[in-house]
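Here is how the chains run, residue by residue.
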Amino acid sequence: MSYFFIENIMDHYKNPRNMKIINEASSVFGDSNPTCGDTVKIFIKVNENKIEDIGFQGHGCALSMASSSLLTEMVKGSEMQDALKITESDLMRELGIKELGPNRIKCIALSVKTLKMAIIQYLSKVNHAGGGT
Amino acid sequence: MSYFFIENIMDHYKNPRNMKIINEASSVFGDSNPTCGDTVKIFIKVNENKIEDIGFQGHGCALSMASSSLLTEMVKGSEMQDALKITESDLMRELGIKELGPNRIKCIALSVKTLKMAIIQYLSKVNHAGGGT
Amino acid sequence: MIEEDLDSIRSDFPIFEFNPKLIYMDSAATSQRPKNVIDKVTEVYSHYNSNVHRGIYSMAEKVTEEYENSRKEIAKFLGANADELIFTKNTTESLNLVAYMLLPKLKNGVITITELEHHSNILPWREVASLANAEIRTVAVDREGKIDYADFEKKVSGSSVLSFTHISNVAGTTLDAKKMVSAAKAEGAITVVDGAQAAPHLKLNLHDLGADFYALSGHKMLGPTGIGILYGNKRLLEDLEPPFRGGEMVTEVHAEGQEWNDVPLKFEPGTPNFAGAIGFGEATKYLEKIGMNDIESYEKKLGKALMEELTKIDGLEYIGPSEGRAALLSFKLKGYHPHDIAAFLDTRSIAIRSGFHCAQPLHERFGFFDGSARASLYFYNNLDEIESLAYSLKELVRL
Amino acid sequence: MIEEDLDSIRSDFPIFEFNPKLIYMDSAATSQRPKNVIDKVTEVYSHYNSNVHRGIYSMAEKVTEEYENSRKEIAKFLGANADELIFTKNTTESLNLVAYMLLPKLKNGVITITELEHHSNILPWREVASLANAEIRTVAVDREGKIDYADFEKKVSGSSVLSFTHISNVAGTTLDAKKMVSAAKAEGAITVVDGAQAAPHLKLNLHDLGADFYALSGHKMLGPTGIGILYGNKRLLEDLEPPFRGGEMVTEVHAEGQEWNDVPLKFEPGTPNFAGAIGFGEATKYLEKIGMNDIESYEKKLGKALMEELTKIDGLEYIGPSEGRAALLSFKLKGYHPHDIAAFLDTRSIAIRSGFHCAQPLHERFGFFDGSARASLYFYNNLDEIESLAYSLKELVRL
Ligand SMILES: Cc1ncc(COP(=O)(O)O)c(C=O)c1O
Ligand SMILES: Cc1ncc(COP(=O)(O)O)c(C=O)c1O
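Definitions and cut-offs
Residues numbered from 1 in each chain as written. Chains lettered and ligands numbered in written order. Predicted model: local features only at pLDDT ≥ 70, side-chain atom pairs only at ≥ 80, totals over all residues. Heavy atoms only, no water. Near = heavy atom within 4 Å. Polar contact = N/O pair within 3.5 Å; in protein donor to acceptor, adjacent residues only side chain to side chain. Areas by Shrake-Rupley, 256 points an atom, 1.4 Å probe, with all protein chains shown as cover. Pairing = 2+ DSSP bridges. Helix = DSSP H or I, 4+ residues; strand = E, 2+ residues; numbered from the N terminus. Axes fitted to C-alpha atoms, helices over the stretch in contact; angles between N-to-C directions. Contact = heavy atoms within 4.5 Å. Salt bridge = Lys/Arg side-chain N within 4 Å of Asp/Glu carboxyl O. Buried < 20%, exposed > 50% of the residue type's maximum accessible area, 1.4 Å probe, protein only. Least-squares fit on C-alpha atoms with pLDDT ≥ 70 in both. Nonpolar A, V, L, I, M, F, W, Y, C, P; charged D, E, K, R; others polar. Expected span 1.5 Å × (residues − 1). Buried area = accessible area lost by both parts, 1.4 Å probe.

## Thoughts on the site of ligand 1
Now for step 1: As a structural note, the neighbourhood of ligand 1 is formed by 15 residues, with C:Thr271, D:Thr92, D:Asp194, D:Ser217 and D:Lys220 the closest of them.
Now for step 2: The residues that come close to ligand 1 belong to more than one chain, namely chains C and D.
Now for step 3: In this structure, D:His118 approaches ligand 1 through a side-chain N or O atom, which is 3.1 Å from an oxygen atom.
Now for step 4: D:Ser217 places a side-chain nitrogen or oxygen 2.6 Å from an oxygen atom of ligand 1.
Now for step 5: Relative to its free-state accessible area of 390 Å², ligand 1 is covered by the protein chains to the extent of 94%.

## Thoughts on the sheet that holds strand S2 (residues 38-47) of chain B
Within a beta sheet, neighbouring strands are joined by backbone hydrogen bonds and run either parallel or antiparallel to one another.
Residues and elements named next belong to chain B.
Now for step 1: With respect to topology, 3 strands assemble into an open sheet ordered S1-S2-S3, the strand pairing being antiparallel. The open sheet terminates on both sides in strands that have one partner only, identified here as strand S1 (27-33) and strand S3 (50-59). The average undirected angle you get between the axes of adjacent strands in this sheet is 15°.
Now for step 2: Alignment of S1 against S2, held across 7 bridges, turns out to be antiparallel. Looking across to S2, one finds that Asp31 is bridged to Val40.
Now for step 3: Taken strand by strand, helix H2 (residues 62-75) contacts S2 and S3, and its axis lies near 170° from that of S3.
Now for step 4: Across the sheet, helix H5 (residues 102-128) is in contact with S1, S2 and S3; its angle to S1 comes to roughly 150°.

## So, the pattern of salt bridges
Now for step 1: All told, the structure shown has 67 salt bridges over all chains when counted by the stated rule.
Now for step 2: The shortest N-O distance in the salt bridge between A:Lys85 and A:Asp82 comes to 3.4 Å. Linking A:Lys85 with A:Asp82, this pair stays in helix H3 (residues 80-85), spanning 3 residues, or about one helical turn.
Now for step 3: For A:Asp82, a relative accessible area of 40% puts it in the partly exposed group.
Now for step 4: Between C:Lys234 and C:Asp83 there is a salt bridge, with its nearest N and O atoms 2.9 Å apart. Taken together, the residues C:Lys234 in helix H10 (residues 234-239) and C:Asp83 in the loop between helix H4 (58-78) and strand S2 (85-88) connect sequence positions 151 residues apart.
Now for step 5: Since its relative accessible area comes to 26%, C:Lys234 is described here as partly exposed.
Now for step 6: Owing to a relative accessible area of 29%, C:Asp83 belongs among the partly exposed residues under this scheme.
Now for step 7: One network of salt bridges, with partners in common, ties together C:Lys40, C:Glu43, C:Lys62 and C:Glu66.

## Quick word on the relation of the copies chain D and chain C
Now for step 1: Once chain D is rotated about the relating axis by 180° and shifted along it by 0.0 Å, it coincides with chain C to within an RMSD of 0.0 Å. What the rotation and shift describe, once combined, is the action of a two-fold rotation axis. Proximity to the rotation axis, assessed at the C-alpha, singles out D:Gly226 in chain D; its C-alpha lies 3.0 Å from the axis.
Now for step 2: Interface overlap between copies: 100% of the residues of chain D at the interface are likewise at the interface in chain C, consistent with a symmetric, same-surface contact.

## Comments concerning the environment of A:Asn47
Now for step 1: Structurally, A:Asn47 is set in strand S2 (residues 38-47).
Now for step 2: The spatial distance from the C-alpha of A:Asn47 to the C-alpha of A:Ser26 is 8.9 Å, given a sequence separation of 21 residues.

## With respect to the arrangement of the chains
Now for step 1: Contacts are most numerous between chains C and D, considering all 5 pairs of chains that are in contact.
Now for step 2: There is a clear gap between chain A and chain B: no contact, and 46 Å between their nearest C-alpha atoms.

## Topic: the site of ligand 2
Now for step 1: In the region of ligand 2, 15 residues are neighbours, and C:Thr92, C:Asp194, C:Ser217, C:Lys220 and D:Thr271 sit closest.
Now for step 2: Ligand 2 sits at a junction of chains, with neighbouring residues supplied by chains C and D.
Now for step 3: One of the side-chain N or O atoms of C:Thr92 is found 2.5 Å from an oxygen atom in ligand 2.
Now for step 4: The contact in question runs from an oxygen atom of ligand 2 to an N or O atom on the side chain of C:Lys220, over 2.7 Å.
Now for step 5: Relative to its free-state accessible area of 390 Å², ligand 2 is covered by the protein chains to the extent of 95%.
Now for step 6: Of the residues that constitute the shell around ligand 2, the class distribution is 1 nonpolar, 12 polar and 2 charged.

## Describing helix H12 (residues 292-310) of chain D
Now for step 1: In this model H12(D) runs 26 Å from its N-terminal to its C-terminal C-alpha over 19 residues, within 8% of the 27 Å that 1.5 Å per residue would give.
Now for step 2: Of all the positions in H12(D), only D:Met292, D:Ile295, D:Tyr298, D:Glu299, D:Leu302, D:Gly303, D:Ala305, D:Leu306, D:Met307 and D:Leu310 are classed as buried.

## With respect to the interface of chain B and chain D
Now for step 1: Taken together, the 18 residues of chain B in the interface contact 14 residues of chain D.
Now for step 2: Interface area for chain B against chain D, summed over the two sides, is near 1100 Å², with a carbon-plus-sulfur share of 57%.
Now for step 3: Linking chain B with chain D are 0 salt bridges, by the criterion used here.
Now for step 4: Here chain B is connected to chain D by 4 residue pairs in polar contact (both at pLDDT 80 or more).
Now for step 5: Taken together, the elements giving at least two residues each to the side of chain B that touches chain D come down to helix H1 (7-14), H2 and H5 of chain B.
Now for step 6: Classifying every residue of the side of chain B that touches chain D by side-chain character gives 10 nonpolar, 5 polar and 3 charged.

Here it is as structure tokens:
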């Protein structure tokens, strides 16, 4: 079934969750999918290893926007380690998509990759600062 | 029918006519078919526009040797102008070959080309010398 | 008349039998292929499969003959001579080949292209320009995607090479190639035309056009994949050195030195895609049978209808001229990402492309920063399909 | 066991059904192709023909998946990773590509090849050597066409690149590629292996072999024409710049500058021969089914028989080792030009090649100034065919 007829996706696309800037974010990371012009920027606020708050901004097709929105819901409040484990196929399952061709996987991969980078950036900053939270 | 079973060809190959060097030749031209190593050198002796005598030396496959031999027979005693008109297909007809693939035509073309060059070389020499025979 | 014969024409294409609902509108990316072409490839593999040019056993002679006859067939189709056609794998290889061939002539020179170019007619020139310390100039287009001739005249002056697309794969503009070629020649420039989008759709006569080089792809004009052409002016081909080398393109190789084979073989190193080349010959036969003049005039009608139907849709913007356009339209629709347009149309069995179509600078020029959706048609399409496309787009807007 | 299954194996090849008398002994030039490969190409064209990588409609996703799965299949077959394989059109393009890729590293360097090389592994290096002012060294072979290791050690010392053939297409020698690669690596050289004749016949494991680059042709190993592979070490592929450029190999192109796509796509400009690539994947599946180990051992038997039968003929001389040779023999016969040998055998439906087989320096090295006649076998040949060949050669001698 095409993602156009999956309510969950269209709902997230039309009413994105956590689409906001977090000014006092612990880490911010932005990336883009230059072959189609999609962009996404993720803000996380960390507290005791947990993603206390998360926001995103972006621009792109329904699939990339819905997956960014859903991803923020999935990880809000969870441990960073767990958030790092989320893969494209987890997201596909949550979105309700059975199959996705090789040319569209990229649309989902963008938010997963960007979140990962935001977390890794946070962790390496903390490490360089010489200690945990 | 393969040229192997055309008597005329095998006869010319095994008993080449005019296979000789002409020391007092009016023109000598040699060429080769580098993709298969075939070589041929043609000697002509001209008298009043006629090819009074002709000889060849060479080295190559049956087809190239037989066609050189036959060609010398065909043009011996004829006017240079007529000799210049002989084409690969005339030679094929004389040899008794109906068809020849694109990769083998070269074997016949070599002697035709070489004879042409020998004649042209003669004619331009004479012209440069300032007059006909 | 194509319109009346369309059912029979479509039945020549196995894909429409396999998938009768398919509305294929991505022919600018690659065309569909008729049965005679597919069968010819099978015939080569099943009846006389062997390597071309060197073998002297019967099958090798047969395949060589078919290969060279195909070159002649394509030459006739293009209005050129067989010994001016180099078989490559696609337009991109053709353009890389000519760029590298011209490299020795480009030292501190000027290469002029246009804003309409496909990446394949930009990037090879950037590469040789950097190797030869040459300058690249880009001729501007106006708001309709047409060449700004004032700018063209300024830029072409003093150019060493002019390379431009004959038809834009995004804007659908057809350039006045003959005029541009002769202006460039008057400047002493070598002229290169990217014919990837023109060769499938226009009746060409390359000798009449007068360009020094012309590049095209078989797969965009009913042929197999992996086969393209670089046409080159014979004298230039004889003068230029082959940048890519290997077996088959030499007559002699010794411990020191080598002798090139005759043109065009000197530019075809290695075993060619002979089955592809022979299939491509069949493709041009098929196009001749339909008739390129008929194709041209039928496609004019399709192009016009496509624009008229689609511009009725609210919020739709397109790139390119409002009149005289090729049968393709690159557009965006307010509120819908091009990917979503293509994905939605896919649910309606309509195949169109979304993205930058390998012409990102052109999209940026027109402010299409997310790319565009592009419907590109060929003579096997019809007016009903255009209506279906328009209908489905309206459906999307209502969703 | 191949010997027992040979009837069934041969029935997989349509050409033997079309021409039951054919004794095909020119597989080193190009192999025959089984039905599953031919059918796969037809399937691509008839069921999901559309361009790869960019489209997002169902057919485009399907063809992209098939294309990338084929790359994985071939990678598994070769003992490599999919993202280390670049699709090219043939071995010759692969070798030109790697030569141009390495050009920036070759300034005043040393390129070492061997006396066994095919023109395709000589001429590209001569070209980049002249551009980079590099030196070419040629490792000598002994009287049996085997590498002279003393000379190899001398020449490889201080080399920037070592490029050599894995199996000689004329002498039938199999080189100790692993040993040569590690010796060259110890010298800091980049290693390139021409696998055109090895990939069809040997069980390969490219990671184990350790060469930086490995080139091969699909058409010599049951695949369609117009498709080849350049395997490259991932780290090198990431570091090196793509010499050939165009659509599909970039992610971003702006008025100024561009970003390359990921490896391996960065080295695949333009529309690839996707039908050919997908067909090639089928070919490796077929080879896996027969089993490369079985092929190797069966062909050893064929190679031995070929030599034994043919050397019984008076006046026959051959190039290459007397033992452990590949299933091919390049020979001459006193009093008969190689062309005449091939033409006569053709009257007996035996297809062999005559000429220099794109390895003229090697023929000159062995005093074969008229070239040679070459019988080259594959797993679909059998001992009876070798007997027929020997019988017909004796017939010729008696003629
Ligand atoms: C050893 C070797 N290298 C390279 C090649 C060139 O292969 P291709 O013509 O497919 O590019 C061949 C094939 O003739 C070969 O035998
Ligand atoms: C105008 C133009 N030039 C060049 C190309 C490149 O063609 P290919 O991918 O067959 O090399 C295309 C095809 O997309 C094109 O539309």
